[in-house]
Structures are given as structure tokens and as C-alpha cells.
Amino acid sequence: DAHVPAPAHDEATPTIPAKDDNNSDSDNNSNGADAHVPAPEPEPAPEPKPEPTSEVKDYGDWGHWKFYDGAEETRPKNDYIKEADPVYGDIHAEDFPEDAWQADAVYVNHFLDEAFKLVNRTKEAIYAEYGAGAPLTPEQVERRKKMFHTAIIDCDKEVSLDKKVITGHGGWVCEKSFDGLVRRLLHAMMTNDSFSVVLGGHSAAAGHGNHLAQSYTLQISHVLEPVFEKLGVKFHARNMAHGGLGTLESGLGSGDIYGREVDMIIWDSSMTENSVPAHDLFNRQALIGGNRSPMIYSFFANTQYLIGLAKNFGVDIGGMINPNFEGFPETESEEQAKTMPDALAYLHCSKENQSLCNQHKYRTQCWVERDDVTPPTKQLPAVDGRASWHPGFRTHRIIGRGITMLILSALENALTQWSEVTIYQGHPLPDENWHVTNYYEDIRTKVNAAASSSPCAEWFDWMPRLCSTPLKARTEFSPRTDPENTSIRSILKPAPDGSVSKLSTKLLYEGEDVPNPALQVPEGEIDVRAIADYRRRDRDLTNYEYSEEESSTLSRDSARRNLGGEEIVPSSLWYTIAKPGFCDGSSSSFNCQRTASSDCLLAGHNDDRAGIRGDGYSGWIVMNLKDVKEGIIVVKLHTWFHVKVGAHLVNPNTEGMDSRRHLKLPLSKSLSNYASKNENNTVNLEEFSYADPFEIARRNLKVDADAVMTETLEFDFAVNGKITTWNKSDVLSNRHKQERVVELFKILDDPSVTGDVELALRLRGVGREQNFDLTHVYWA
């Protein structure tokens with residue numbers, strides 16, 4: 001059979017921890033061993049300490065995490081792992097200090113004992129959430145065989161997969177890839193490192209119509225954050241999907257935009273870029289662009305292509321096509337739904353009765369009244385974006401639970417391997433079980449060796465090096481990893497007066513939101529996160545402090561450049577419509593886009609397609625590109641920003657200006673925000689707060705944007721002061737339209753150009769009627 005049950009868990013005869021085993025008063029720093037973990041010869045345990053009750057929440061019969069380090073004060077204080085290997089943390093067994101916890105058999109055995117219980121009760125809680133918890137009836141036993149089933153495939157023997165095999169809430173995964181996931185988890189635990197899951201996709205994957213917190217990516221983190229915290233691992237999940245787009249813009253700069261420490265990357269963009277070349281670019285940059293070569297979990301139907309990645313390059317591959325509701329009873333009526341668990345009710349209905357489920361597809365609330373904040377904009381009754389093709393929160397949750405169960409099953413296998421290997425070989429766990437250096441480098445070597453003949457290279461025939469070269473990137477799109485340091489604004493050179501293009505709007509209020517009833521577990525229902533034994537803590541923004549002013553720009557080099565030709569003087573008259581807040585697509589992004597104009601402040605969504613626009617009066621926008629090694633620079637521009645395409649597609653920073661960049665009109669009511677004049681009796685245009693109802697990447701342009709592009713247009717770009725000028729014809733002929741509304745321009749393809757490089761762009765001969773909108777800058 002091409003698919004076999006996951007080895008981690010026998011669903012027909014589930015293992016359920018005995019209540020007295022989880023809830024006994026014995027301390028788990030004792031010598032007791034769980035039946036899951038065959039213990040080595042008994043060793044004397046440290047004297048038991050009283051369990052700190054303030055740190056423990058007991059959820060009744062489910063039990064709680066009871067492990068702690070009884071010898072914490074004797075552990076090494078230095079970061080011995082990063083000192084041994086700053087890149088991957090692959091410290092050799094003989095290099096662990098004698099008193100490191102990884103070498104302490106007593107510590108590890110008790111840790112594994114509690115870890116098994118934690119993982120098992122989390123899985124049991126998910127089953128119980130859907131009405132299949134212990135004690136099990138015969139009918140429930142049969143249901144559980146189908147629920148969240150992941151087909152484990154020997155991909156070496158397959159060419160493609162039958163759709164019936166790979167459809168399911170747990171999806172499918174190659175057998176060797178499952179082993180690779182186990183290795184990644186062991187590495188994360190052995191090094192107390194992070195484990196990250198990132199999604200790239202379209203509006204349905206983003207969760208439009210629902211709250212961001214209800215999207216399947218954040219549902220994964222909702223359950224796994226507390227589990228991994230107990231295991232000493234920082235778990236991250238980021239939903240980085242964009243409505244109406246594919247993954248090309250973000251995928252091209254995967255390392256900076258999606259993140260450099262990614263362990264599993266999800267592709268869910270079939271509605272907007274259902275092609276092998278687009279997926280291939282996404283995969284290749286994900287595999288080579290960061291510090292890790294992540295497992296790729298794909299919703300792509302072309303499994304022949306995906307299996308080829310696993311067979312030919314050793315890439316860890318898994319995925320899903322469409323949810324399969326086997327094992328989850330249909331909802332037949334309102335009366336029946338009242339007898340079902342909330343997670344199960346209205347999850348799916350028969351085709352004839354689908355309208356019943358559609359009536360309960362969403363559960364959202366845009367605002368919860370509070371004393372300290374009153375929204376100036378009327379709030380919608382529900383989150384917008386309820387397209388017929390967008391899944392509701394119940395479908396998102398069950399997809400998220402399926403991927404969560406895959407990771408939990410791999411975690412069980414990791415713990416089992418750790419236990420069994422160290423029984424015979426001792427501690428610490430041998431290198432060959434968890435080191436990743438050779439694993440990642442082997443994947444990258446094989447992937448790049450075939451890059452020149454790849455679907456990606458054929459697609460990017462104008463610059464095939466983009467398929468084999470890790471690219472750095474800066475963008476005004478969100479979400480993005482480390483938002484403050486990955487914006488285009490972060491690399492701008494200031495004007496001579498120290499000013500730079502900055503955000504035009506501010507946050508309406510600070511701090512977390514009050515609890516939203518739409519996101520709460522209904523009374524009496526199973527709370528999986530609570531059972532996973534999580535202690536509520538303030539959200540970690542990785543020491544991030546949001547600043548409207550972004551004062552870090554003040555230290556930038558503002559020197560003018562003149563290499564014997566025209567002087568390039570940075571200008572601050574390019575305008576950005578990017579929204580404020582911490583927008584990285586994670587649960588920490590609660591203040592993203594929280595502005596006075598928002599009509600649904602609690603939606604939570606991060607996806608925004610902003611840029612920095614300049615017209616004929618804006619002058620030079622100048623950027624510092626650090627550490628160029630391959631002589632590659634590519635920019636993404638929106639060239640259709642013309643007043644004949646949309647009257648709002650203008651630059652408010654140049655309103656009232658003439659070609660000399662002076663105001664040609666007296667102050668009027670439209671410029672009432674200007675409070676001061678300079679010595680030339682003109683005003684600082686950057687102070688103008690402009691309300692721009694910008695709808696970037698319009699789906700249906702009513703005019704031919706190329707035809708109305710200003711005929712006298714001249715586009716200048718300069719690399720280290722060397723200026724190249726394109727007219728309108730040059731711009732159109734050098735534009736590469738890779739996808740709908742994705743226009744890429746090759747600025748540099750010269751391996752001899754290395755080091756820190758200055759890039760400058762300017763538009764001339766168009767007045768204010770034509771703007772170019774700079775959304776992405778890529779370099780290598």
C-alpha cells in the first residue's frame with residue numbers, strides 16, 4: 001500500500017494517560033519513569049522540592065506539566081551551543097559540558113516522561129474537542145481512525161499520488177520527510193532553539209472573512225505554543241498570505257520576508273498562481289534563502305512535481321489538497337447541532353443541506369466596547385471578505401488541527417527515538433540523530449545543481465540566477481518578518497535636512513485588545529490550549545518597541561553622491577501609504593493596521609500592499625544596499641499609477657508644487673495641516689497627513705495603463721552614482737510581468753559589482769500625473 005498509518009500513534013487503540021499517573025502528588029523530578037520511556041539503570045535523584053503552585057494550572061482530570069530542573073543552579077551559564085556552532089547549533093556530543101542538561105540522564109528521563117504525557121493529552125484534547133475523546137465507544141474508535149489521518153508515503157516508489165490518498169485533514173507526507181521533521185524537532189529541543197511555521201498564500205489562506213486568529217496558521221500556534229514552551233522551544237507561526245496575489249513578491253525575498261529560521265513553510269496559493277514555475281520559485285528561495293532548509297507543506301495538486309523534489313533533491317515534502325470530512329459526522333439540522341460539540345456542529349453538511357452550514361460559517365466581531373477607546377470610524381458588524389470561496393473559521397480550525405496533529409505525531413516519534421537511543425548509547429543524544437548541518441547543505445547543493453534546468457529558470461529566462469541565488473529584500477508590503485528592519489524605509493538615505501519618507505498615519509491606541517467573544521471557547525466546550533497547560537504571559541515582541549518616527553533613520557549616511565556627473569541628492573518627497581503597527585503575521589501582531597480609519601479594528605489581518613510612490617517632482621529616492629556579493633539588483637514597481645487610471649493614485653507630498661519643487665499655490669484649506677514655513681516661505685510637505693483610499697493592484701483597470709502612461713516620461717536609476725535613463729518605450733520593454741500586477745525590473749546583473757551599493761531612482765517629465773510605486777527591492 002502506498003500509504004501506511006503514522007507510526008507515532010495507533011488510533012485504533014489510543015494511549016490515554018491514567019488519571020492517577022498525571023495527577024498524583026509525586027514530583028516529576030523523582031526517579032519514577034513513565035511506561036513510555038524505558039529507563040536506564042536507576043540513578044539517585046536530587047531531593048524533591050515543593051512544586052511552585054503559582055506556576056501550575058491544573059485542568060482537572062487532564063493533568064498538568066510537573067517537570068522542573070532540580071539542578072538548575074549548577075547548569076552552565078554560558079551559551080555553549082552557539083559558542084560551538086553559531087550557525088546551526090550542531091554541538092558535538094563530546095563538547096557538551098559535563099553539567100549540561102543534555103548530558104544529565106536523570107534530567108532527560110524525567111523530561112521525556114512529562115513530554116510524552118504532554119503531547120499525548122494535547123492530542124487527546126483535540127479528539128475530545130470533536131466529540132471523540134475517552135472513554136471511547138466502538139463507533140468513536142472507528143471515527144478516530146479517519147480523523148486527522150496523515151498518509152505516510154514511500155515517495156521513492158511513487159511518481160504522483162491519487163487524489164483520494166492525499167485528501168484529508170492530516171494530508172500526506174513522504175516517509176523520509178516525516179523522519180526529517182523528527183530530526184528538526186529533536187534539534188530544536190536539544191538546542192532550546194525555535195521552531196517556526198510560515199504560510200505563503202492567497203486570501204483564502206489569509207483567512208479573509210474571519211479574524212486572523214481564526215486562520216489555520218494561527219490555529220496551529222494556538223495549540224502548539226504552550227506545548228513547545230514546556231519543551232524549551234520557542235514556537236512561531238506566521239500567516240504571511242496576501243489577498244488577491246500569489247507568493248511571488250514575498251517568495252523572491254524569502255529569507256528576509258518569510259524569515260531565515262523557518263522549519264516548515266506552507267504554500268497555499270492555487271487560486272492565484274496554480275503553476276509549477278511559480279511554486280518552484282517559492283520552494284527554491286525558501287530552501288536556499290534562510291539559515292534552514294524547511295519542510296515544504298503544499299496545497300498544490302501537482303504531486304508529481306512535489307514528489308520529484310523529494311526524490312531528486314531530498315527535500316522534505318508533505319501537503320494536502322482539500323479537506324476531507326471522513327470521521328466527522330454531518331450536521332443535519334439545527335436541533336442535532338445543539339447536541340454536538342461546538343467544533344463539530346456545522347462543520348460540514350450534505351450537498352443538499354449546505355445552506356445550513358453556510359448560515360454558521362463565520363463567527364466574528366469587529367469591536368468590543370471599552371471605556372478607554374472609542375473608534376472614530378463606525379465599526380462593521382462583522383469582518384469583511386466573506387467570499388463564497390473563502391473557508392469559514394470551522395474549516396480553518398480543522399485544517400490547523402490536522403497540521404498540528406502531524407507535528408505532534410512527529411514529536412512523539414522524536415521523544416521515542418531520544419528515549420530508545422540513549423538507553424543503549426547514553427547521554428547526550430548522539431549527533432547523527434539530531435544534527436542538521438549536513439542535512440540542510442545536502443538539500444541546498446542538490447537543489448542548486450539543477451537550478452539551470454528548473455521550471456523556475458525557464459520562467460525567469462531574463463535572469464535565471466534568481467532561481468539559485470539567495471536574495472535579500474526590503475518591502476513596504478506586510479506582513480513581513482522583523483517589520484521595522486525589513487521595510488524599504490529602513491534602507492533610505494535621508495535628505496540633506498535629515499528627513500526621510502515616513503508613515504502618514506499613526507496607531508489609534510496601544511496595548512492588547514480586550515477579549516473578543518468571537519474568539520473565546522464557548523462555555524462547557526473543550527479548551528485545547530488550556531489543556532496543553534499554558535501559563536498566560538505577556539506577548540513577546542522580541543524586544544520590539546513600535547515607533548512612529550523610526551528614529552533609527554536619523555543615523556543614516558546622508559552624504560550626497562557625485563562621481564563626476566550629476567549630483568544625486570536624496571529627497572524625502574516620496575510618499576508611503578504603509579500602515580503602522582507590528583505586522584509580522586503572528587499572534588504578536590495584534591496592533592497591526594490599528595488606525596483611526598479602520599472599520600474593523602479587531603479583524604487582526606496584516607496583509608497590506610503598500611509601496612513608496614514618487615512623481616516627477618519627488619526627486620531621487622536613495623537606498624543603501626548592504627553586502628552585495630553577486631551583483632544582482634531587481635526592483636518591483638507599480639507603473640500604472642496615473643491619474644487617468646485612478647484619481648487617488650497621486651503623491652500628496654508634492655501637492656501644489658511646480659517643477660522646481662516649490663509650492664506654486666498659496667496655502668489653502670486643503671493644506672491647513674501645515675503649521676510652519678521655512679526661510680523660503682514654503683512648507684514642509686512631509687507634515688501633511690493625507691487620507692488616501694488607496695486600492696493597490698486594482699483587479700480591473702478601466703483604462704489601458706500602458707496607453708495613458710505619460711509619453712514624456714523618463715525613468716532614471718543610478719548604481720553607485722552611475723545614471724541610466726529609460727524613456728517610456730524603454731520602461732515597457734524592460735518590464736517583466738511575471739504575474740498579474742507583478743512588474744519586475746532588472747537594475748543590475750553584474751557579478752563584478754560587490755560591497756555596499758547605493759541605489760537611486762527618479763521619475764522625470766511627468767509632473768504629478770504619473771507616479772511609480774516602489775514596493776520591493778531585491779539584491780544579492
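Quick caveat, the model's predicted, so the values are computed rather than measured. (Residues numbered from 1 in each chain as written. Predicted model: local features only at pLDDT ≥ 70, side-chain atom pairs only at ≥ 80, totals over all residues. Heavy atoms only, no water.)

> It is not clear to me how the overall build of the protein should be interpreted in this structure. Could you clarify?
Within the protein, the regular secondary structure consists of 21 helices and 19 strands. Counting the 780 residues in the protein, one finds 59% classified as buried. For the protein, contacts bridging at least 24 residues in sequence account for 78% of all contacts bridging at least 6. (Helix = DSSP H or I, 4+ residues; strand = E, 2+ residues; numbered from the N terminus. Buried < 20%, exposed > 50% of the residue type's maximum accessible area, 1.4 Å probe, protein only. Contact = heavy atoms within 4.5 Å.)

> Which parts of the structure should I look at to understand empty space enclosed by the protein?
The gaps of empty space that remain are located by a probe, the size of a water molecule, rolled over the atoms. What the rule picks out here adds up to two cavities of 30 Å³ or more. By volume, the second largest cavity is sized at about 40 Å³. In terms of lining, the second largest cavity is formed by Ser254, Gly255, Gly259, Arg260, Val262, Ile265, Ala286, Gly289, Gly290, Arg292 and Pro294. Every element with two or more residues in the lining of the second largest cavity is listed here: helix 10 (254-257) and helix 11 (276-289). Its residues placed into classes, the lining of the second largest cavity shows four nonpolar, five polar and two charged. (1 Å grid on protein atoms, 1.4 Å probe; cavity = no way out; pocket = protein on both sides within 12 Å on 5 of 7 lines; lining within 4 Å. Points joined across faces, edges and corners; volume = space filled by probe spheres on them. Nonpolar A, V, L, I, M, F, W, Y, C, P; charged D, E, K, R; others polar.)

> Explain the environment of Gly581 here, please?
With respect to the helices and strands, Gly581 occurs in the loop between strand 10 (575-576) and strand 11 (612-614). A relative accessible area of 10% places Gly581 in the buried class. The spacing of Gly581 and Thr595 is 14 residues in sequence and 8.9 Å in space, taken between C-alpha atoms.

> How should I be thinking about helix 12 (residues 303-313) in this particular structure?
One full turn of an α-helix is made of 3.6 residues, so residues set three or four places apart face in the same direction. Of all 11 residues making up helix 12, eight are buried, and the element is well covered by its neighbours. Along its buried surface, helix 12 packs onto helix 5 (163-166), strand 3 (172-174), helix 11, strand 7 (295-298), strand 8 (317-319) and helix 17 (437-449). Count one or two residues on from helix 12 and you reach Gly314, which has phi positive near 75°.

> I keep staring at the pairing of strand 15 (residues 722-727) and nothing clicks. Help me out?
Each regular strand shows side chains that alternate between the opposite faces of the sheet. Sheet analysis places strand 14 (residues 714-719) next to strand 15, joined by six bridges and oriented antiparallel. Within strand 15, the position partnered with Val719 by the bridge is Lys722. Following strand 14, the chain reverses through two residues before pairing antiparallel with strand 15; Asn720 in that reversal takes a positive phi of roughly 50°. (Pairing = 2+ DSSP bridges.)

> Is there a simple way to explain the state of the cysteines in this structure?
Structurally, a disulfide amounts to a covalent bond that connects the sulfur atoms of two cysteines. Here the structure, examined in full by the defined rule, presents five disulfides. The disulfide partner of Cys366 is Cys600, and the gap between their sulfur atoms is 2.0 Å. On the S-S bond that ties Cys366 to Cys600, the torsion sits near -90°, and the link is left-handed. Residue Cys366 is found in the loop between helix 14 (354-358) and helix 15 (393-425), and its partner Cys600 is found in the loop between strand 10 and strand 11; the two are separated by 234 residues along the sequence. Assessed through its relative accessible area of 1%, Cys366 is described here as buried. Owing to a relative accessible area of 10%, Cys600 belongs among the buried residues under this scheme. The disulfide partner of Cys456 is Cys467, and the gap between their sulfur atoms is 2.0 Å. Because the torsion about its S-S bond is -85°, the bridge between Cys456 and Cys467 counts as left-handed. Placement of Cys456 in helix 18 (residues 455-459) and of Cys467 in the loop between helix 18 and strand 9 (472-475) is noted, with a sequence separation of 11 residues between them. (Disulfide = S-S within 2.5 Å.)

> I tried to follow the environment of Phe96 on my own but got confused; where do I start?
The topology assignment puts Phe96 in the loop between helix 2 (80-84) and helix 3 (105-129). Since its relative accessible area comes to 7%, Phe96 is described here as buried. For Phe96 and Pro76, which are 20 residues apart along the polypeptide, the C-alpha to C-alpha distance reads 9.9 Å. When residues no more than four places from it in sequence are discounted, the contact partners of Phe96 are Tyr80, Ile91, Gln102, Met190, Pro428 and Trp434.

> What should I look at first to understand the packing of aromatic side chains in this one?
What the rule picks out here adds up to 34 aromatic pairs. Between Phe460 and Trp462, the ring centres sit 5.7 Å apart and the planes meet at 50°, which makes this aromatic pair tilted. In this pair, the class of Phe460 matches that of Trp462, namely buried. An aromatic cluster is present here, built from Trp65, Phe67, Trp101, Tyr107, Phe111 and Trp418 joined pairwise through their rings. Cation over ring: Arg144 sits above Tyr127, and NZ or CZ is 3.9 Å from the ring centre. Against the face of Tyr439 rests Arg183, its NZ or CZ located 5.6 Å from the ring centre. (Phe/Tyr/Trp six-rings, centres within 6.5 Å; stacked < 30°, edge-to-face > 60°. Lys NZ or Arg CZ within 6 Å of the ring centre and 35° of its normal.)

> Teacher, can you tell me more about the packing of helix 3 against helix 15 here?
Working note: a packed helix pair is described by the angle between its axes plus the distance between those axes. Their axes nearest at 10 Å, the elements helix 3 and helix 15 cross at an angle of 155°. Of the possible angle classes, the one that applies to helix 3 and helix 15 is roughly antiparallel. Here helix 3 and helix 15 pass one another in a crossing that is left-handed. Contact with helix 3, carried on its side by Val108, Phe111, Leu112, Ala115, Phe116, Val119, Asn120, Thr122, Lys123, Ile126, Tyr127 and Glu129, involves Arg397, Arg401, Thr404, Met405, Leu408, Ser409, Leu411, Glu412, Leu415, Thr416, Trp418 and Ser419 of helix 15 and no other residues of that element. (Axes fitted to C-alpha atoms, helices over the stretch in contact; angles between N-to-C directions. Parallel < 35°, antiparallel > 145°, perpendicular 65-115°, else oblique. Left-handed = near helix turned anticlockwise from the far one by under 90°.)

> Where do I start with the sheet that holds strand 12 (residues 621-628) in this structure?
The strands that make up a sheet are held in pairs by hydrogen bonds between backbone atoms, and each pair lies either parallel or antiparallel. If you trace the four strands from one edge of the open sheet to the other, you get 12-18-14-15, paired in antiparallel fashion. Each edge of the open sheet carries a strand with a single partner, namely strand 12 and strand 15. Put simply, the sheet's adjacent strands are angled 20° from each other on average, direction ignored.

> What is the right way to read the pattern of salt bridges from this model?
For the coordinates displayed, the defined rule picks out 39 salt bridges. With its nearest N and O atoms 3.5 Å apart, the salt bridge here joins Lys117 to Glu114. Placement of the pair is Lys117 and Glu114 together in helix 3, with a separation of three residues, close to one helical turn. Each member of the pair Lys117 and Glu114 is classed as buried. Of the charged contacts in the structure, one is a salt bridge between Arg370 and Asp372, with a shortest N-O distance of 2.8 Å. (Salt bridge = Lys/Arg side-chain N within 4 Å of Asp/Glu carboxyl O.)

> Explain the confidence of the model for the protein here, please?
Reading predicted coordinates in detail is not appropriate for stretches of low pLDDT. On average, residues of the protein carry a pLDDT of 86, and 82% of them reach 70 or more. For the stretch residues 1-58, pLDDT sits under 50, and the model shows 117 contacts to residues farther than four places along the chain or on other chains. In the model, residues 665-701 has pLDDT below 50 throughout and makes 71 contacts with residues more than four positions away in sequence or in other chains. (pLDDT = per-residue confidence, 0-100.)

> What's the story with unusual backbone geometry in this structure? I'm lost.
It is generally the case that most residues other than glycine have a negative phi and that most peptide bonds are trans. Here the bond from Ala134 into Pro135 is cis, since omega is -5°, no more than 30 degrees from zero. Here Ser478 and Pro479 are connected by a cis peptide whose omega angle stands at 5°. With respect to the secondary-structure elements, Pro479 resides in the loop between strand 9 and helix 19 (528-531). With phi around 55°, Phe148 is a residue other than glycine that occupies positive phi space. Within the secondary structure, Phe148 is located in the loop between helix 4 (138-146) and strand 2 (151-153).

> Just to check I follow, could you spell out the environment of Arg394 for this structure?
Looking at the secondary structure, you find Arg394 in helix 15. Remark: the alpha-carbon pair of Arg394 and Tyr216, spanning 178 residues in sequence, is separated by 9.4 Å. Within polar-contact distance, the side chain of Arg394 engages the backbone oxygen of His360 at 3.1 Å. (Polar contact = N/O pair within 3.5 Å; in protein donor to acceptor, adjacent residues only side chain to side chain.)

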